[in-house]
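A closer look at the structure
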2 protein chains.
Amino acid sequence: MKLGFIGTGVMGAAIAGHLLDGGHELFVYNRTKAKTDDLVKKGATWADTPGQVAAQADIIFSMVGYPKDVEEIYFGETGIFSTLTAGKIVVDMTTSTPTLAAKIAVTAKALGATGLDAPVSGGDVGAQNAALTIMVGGDKAAYDKLMPLFELMGKSIHLFGEAGKGQHTKMANQIMIAGTMTGMVEMMTYAKAADLPVADVIQTLSGGGADNWSMENYAPRILAGDYTPGFFAKHFLKDLRIALDEADKMNLELPATKEAKHLYEVMVDDKGLGNDGTQGLIKLYQDK
Amino acid sequence: MKLGFIGTGVMGAAIAGHLLDGGHELFVYNRTKAKTDDLVKKGATWADTPGQVAAQADIIFSMVGYPKDVEEIYFGETGIFSTLTAGKIVVDMTTSTPTLAAKIAVTAKALGATGLDAPVSGGDVGAQNAALTIMVGGDKAAYDKLMPLFELMGKSIHLFGEAGKGQHTKMANQIMIAGTMTGMVEMMTYAKAADLPVADVIQTLSGGGADNWSMENYAPRILAGDYTPGFFAKHFLKDLRIALDEADKMNLELPATKEAKHLYEVMVDDKGLGNDGTQGLIKLYQDK
């Protein structure tokens, strides 16, 4: 199949590589062209704009940073919709707003095309190992058609409803992680202050009702002083802002998530630590 | 060995039963005498006061409700310390304050005896299956001596330092769980409001970075409308209050845990739902 991939950052490049390895023809675009070099060496074709990707490919994936970047590559002057024609499918894998996902689907439909949202979890390691969780929203027939491609990049793939539902599911995922991350850093802060053997505490807690993925994966990194990003704090903050905006629209109050957003705002905006991994949140507590 | 057990509620009775099954002589006391009936039928001996348990047994376990109950059974007129003599060991398994645990250890030591704190996690099911996690603080020699008894009731057993460190570790455990519980109920609240297939969302999230024990165990109960206690909300609130009091003493601010305590206060004190399980927290969100 003729595929397109727009946004070849760490995760996007890994996913695009799997599509190439799957034997597909691939057209690529990225704001910083150099980040497509490895893919072009492996056989991908550079395109000068998102619109030129969409003109040449039948199925176009995108994975960029923020909703405003998604707006630009879809609706910009040289964006995807400037060339998209009937029968094609666009798949936004960026973690973005459900509202924007629905707008993309509506615009695609008006052109006789189809738009899906398919944000992922699993981070760079999941992307590299083709072990991502893929949360999809949109047309069922298009989802079924894409399944062989999703299977090249992920292990847990599910359709959660119409366009936007993939993004909503990703928001649910981030709300859950806001709880495990804040609980984990406060637990470690307490354990250290109480002069407990923190590594032993973590091992014991991991065997019981307090067990969670964040603790298993990030607590050892914190103990080792490793704040490199599995997932950028600035991106997590973006996600929590989207989640709480959406909650507002649904008239929901989520006070624990709101507190988590506030803490990440202090970390990212006030302390300038947005390029740390999410586990860097503990630095807020260590400062005191 | 001649053992004592004070406080034969659901968990205490199960643990005391394992000690009996281990072939030990057992003296029991409980505020409500009827709750010792099954143990007496199995061969335990009733004692009229905690002091009478301590007079007859060499190693005395206690597991009651609140720190004030611990105060009463240890320091009350007919309490353990009214009769405790040299060479004996007292083990408080109640989740209580590190300060009180240290006070018990000091008082015991002045009598030539030893005091340990050994709060547990794992709930009634863990107690029944002898699969508890036991977090111990206190004298190492006494801990070693008790190990064969701890092994009759638990699977993960660890000494975290001097008296009070078992309680501190349990507080760390509860701080972690405050994060997983608040995150979980807010995630489910969001997912339901967004009209997502919630059971599918939970299954997908369980396979990735949002995975945690609370979600795996309590989310299905919430979906089934089951708010019966695995762990009473009123007891969890007690624990969070202790944790935050201790944090205050150490000059720590734990805003996410504080928010969780506030939410459980609304649930328990304002809404009168303290006898629900901790998963009943979601009712606060459903009310709105």
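Residues numbered from 1 in each chain as written. Chains lettered and ligands numbered in written order. Predicted model: local features only at pLDDT ≥ 70, side-chain atom pairs only at ≥ 80, totals over all residues. Heavy atoms only, no water.

Another aspect to go through is the overall build of chain A. When its secondary structure is counted, chain A shows 13 helices and 9 strands. Relative to its length of 288 residues, chain A is compact, with a C-alpha radius of gyration of 20 Å against a globular reference of 19 Å. Over its C-alpha atoms, taken along the principal directions, chain A stretches across nearly 65 × 45 × 35 Å. Of all intrachain contacts in chain A linking residues separated by at least 6 positions in sequence, the fraction that spans at least 24 positions is 64%. Surface exposure of chain A reaches about 10900 Å², of which carbon and sulfur atoms provide 50%. Taken together, the 26 basic and 34 acidic charged side chains of chain A have centroids lying 3 Å from each other. (Helix = DSSP H or I, 4+ residues; strand = E, 2+ residues; numbered from the N terminus. Rg over C-alpha atoms; globule rule 2.2 N^0.38 Å. Contact = heavy atoms within 4.5 Å. Areas by Shrake-Rupley, 256 points an atom, 1.4 Å probe, with all protein chains shown as cover. Lys, Arg positive; Asp, Glu negative; His and termini not counted. Charge placed at Lys NZ, Arg CZ, Asp CG, Glu CD.)

A few words on the UniProt feature "active site" (unreviewed entry) in chain A. All names here are of chain A. Per the UniProt record, "active site" (unreviewed entry) is found at Lys 170. The residue Lys 170 is located in helix α8 (residues 165–193) in this model. Polar contacts involving the side chain of Lys 170 include one to the side chain of Thr 95, which spans 2.6 Å. (UniProt positions renumbered as here; feature names shortened; annotations may be inferred. Polar contact = N/O pair within 3.5 Å; in protein donor to acceptor, adjacent residues only side chain to side chain.)

On to the environment of Gly154(B), then. On the secondary structure map, Gly154(B) appears in strand β9 (residues 154–159). Between the C-alpha atoms of Gly154(B) and Val40(B), which are 114 residues apart in sequence, the distance is 23 Å.

Time to look at the pairing of strand β8 (residues 132–136) of chain A. Residue and element names in this part refer to chain A. Of all 5 residues in β8, 5 are buried, a share of seventy percent or more. A two-sided burial pattern is seen for β8, the buried positions comprising Leu 132, Ile 134 and Val 136 on one face and Thr 133 and Met 135 on the other. With 2 bridges connecting them, strand β7 (residues 120–121) and β8 associate as antiparallel partners. The residue bridging Ser 121 from the neighbouring strand is Thr 133, located in β8. Across 5 bridges, the pairing between β8 and strand β9 (residues 154–159) is parallel. Paired with Leu 132 across the bridge in β9 is Gly 154. With helix α7 (residues 140–153) bridging β8 and its parallel neighbour β9, the resulting β-α-β unit is right-handed. (Buried < 20%, exposed > 50% of the residue type's maximum accessible area, 1.4 Å probe, protein only. Pairing = 2+ DSSP bridges. Right-handed = clockwise from strand over helix to strand, strands pointing away.)

It is worth spelling out the relation of the copies chain B and chain A at this point. Its rotation angle being 180 degrees, the transformation that places chain B on chain A also includes 0.0 Å of axial translation and leaves an RMSD of 0.0 Å. Read as a symmetry element, the transformation amounts to a two-fold axis. A symmetric contact is evident, with 100% of the interface residues of chain B recurring at the interface of chain A. (Least-squares fit on C-alpha atoms with pLDDT ≥ 70 in both.)

Attention shifts here to the packing of aromatic side chains. To describe a pair of aromatic rings, you give the distance between the ring centres and the angle between the ring planes. The full count for this structure, using the stated rule, is 16 aromatic pairs over all chains. Where Tyr143(A) meets Phe150(A), the ring centres are 6.3 Å apart and the plane angle is 45 degrees; that geometry is what we call tilted. With respect to burial, Tyr143(A) and Phe150(A) carry one shared label: buried. Ring centres of Phe231(B) and Phe236(B) lie 6.2 Å apart, and the angle between their planes is 75 degrees; on these two criteria the pair is classed as edge-to-face. Take Phe236(B): its relative accessible area is 1%, and that puts it in the buried class. (Phe/Tyr/Trp six-rings, centres within 6.5 Å; stacked < 30°, edge-to-face > 60°.)

Listed by partner, the interface residues are 56 residues for chain B and 56 residues for chain A. When chain B packs against chain A, the two sides together hide about 4600 Å² of surface, and 69% of this comes from carbon and sulfur. Across the chain B-chain A interface, the total number found is 0 salt bridges. Here chain B is connected to chain A by 12 residue pairs in polar contact (both at pLDDT 80 or more). Looking at the side of chain B that touches chain A, the elements that each hand over two or more residues are β8 (132–136), β9, α8 (165–193), α9 (198–206), α10 (213–223), α11 (233–249) and α12 (255–270) of chain B. The leading source of residues in the side of chain B that touches chain A is α8(B), at 19 residues. (Buried area = accessible area lost by both parts, 1.4 Å probe. Salt bridge = Lys/Arg side-chain N within 4 Å of Asp/Glu carboxyl O.)

Residues and elements named next belong to chain B. At a minimum axis separation of 9 Å, α8 and α12 run at an interaxial angle of 65 degrees. Here α8 runs over α12; the crossing is left-handed. Side by side, α8 and α12 meet where Ile 175, Ala 178, Met 181, Thr 182 and Glu 186 of the first sit next to Thr 257, Ala 260, Leu 263 and Tyr 264 of the second. Tallied by class, residues from the contact of α8 with α12 come to 6 nonpolar, 2 polar and 1 charged. (Axes fitted to C-alpha atoms, helices over the stretch in contact; angles between N-to-C directions. Left-handed = near helix turned anticlockwise from the far one by under 90°. Nonpolar A, V, L, I, M, F, W, Y, C, P; charged D, E, K, R; others polar.)

Quick look at the sheet that holds β7(A) now. Residue and element names in this part refer to chain A. Here we have 3 strands laid out as an open sheet, ordered β7-β8-β9, and mixed in their pairing. The open sheet is flanked by β7 and β9, the only strands paired with a single partner. Relative to the sheet, α7 contacts β8 and β9, its axis offset from that of β9 by approximately 170 degrees.

Let us look at α8(A). Spanning 29 residues, α8(A) covers 42 Å between terminal C-alpha atoms, matching the ideal 42 Å at 1.5 Å per step. Asp195(A) lies just past α8(A) and shows a positive phi near 60 degrees. (Expected span 1.5 Å × (residues − 1).)

Enumeration according to the criterion identifies 3 cavities of 30 Å³ or more in this entry. Lining the largest cavity we find Ala178(A), Gly179(A), Thr182(A), Ala256(A), Thr257(A), Thr182(B), Gly183(B) and Ala256(B). At the level of elements, α8 and α12 (255–270) of chain A together with α8 of chain B are the ones that each hand at least two residues to the lining of the largest cavity. Top contributing element to the lining of the largest cavity by residue count: α8(A), with 3 residues. (1 Å grid on protein atoms, 1.4 Å probe; cavity = no way out; pocket = protein on both sides within 12 Å on 5 of 7 lines; lining within 4 Å. Points joined across faces, edges and corners; volume = space filled by probe spheres on them.)

Summing up the model confidence of chain A, the mean pLDDT is 97 and the portion of residues at 70 or higher is 99%. The ipTM value of the predicted complex is 0.96, and its pTM value is 0.96. (pLDDT = per-residue confidence, 0-100.)

Looking at the element boundaries, Lys238(A) is found in helix α11 (residues 233–249). Among the polar contacts listed, one links the side chain of Lys238(A) to the backbone oxygen of Gly65(A), at a separation of 3.0 Å.

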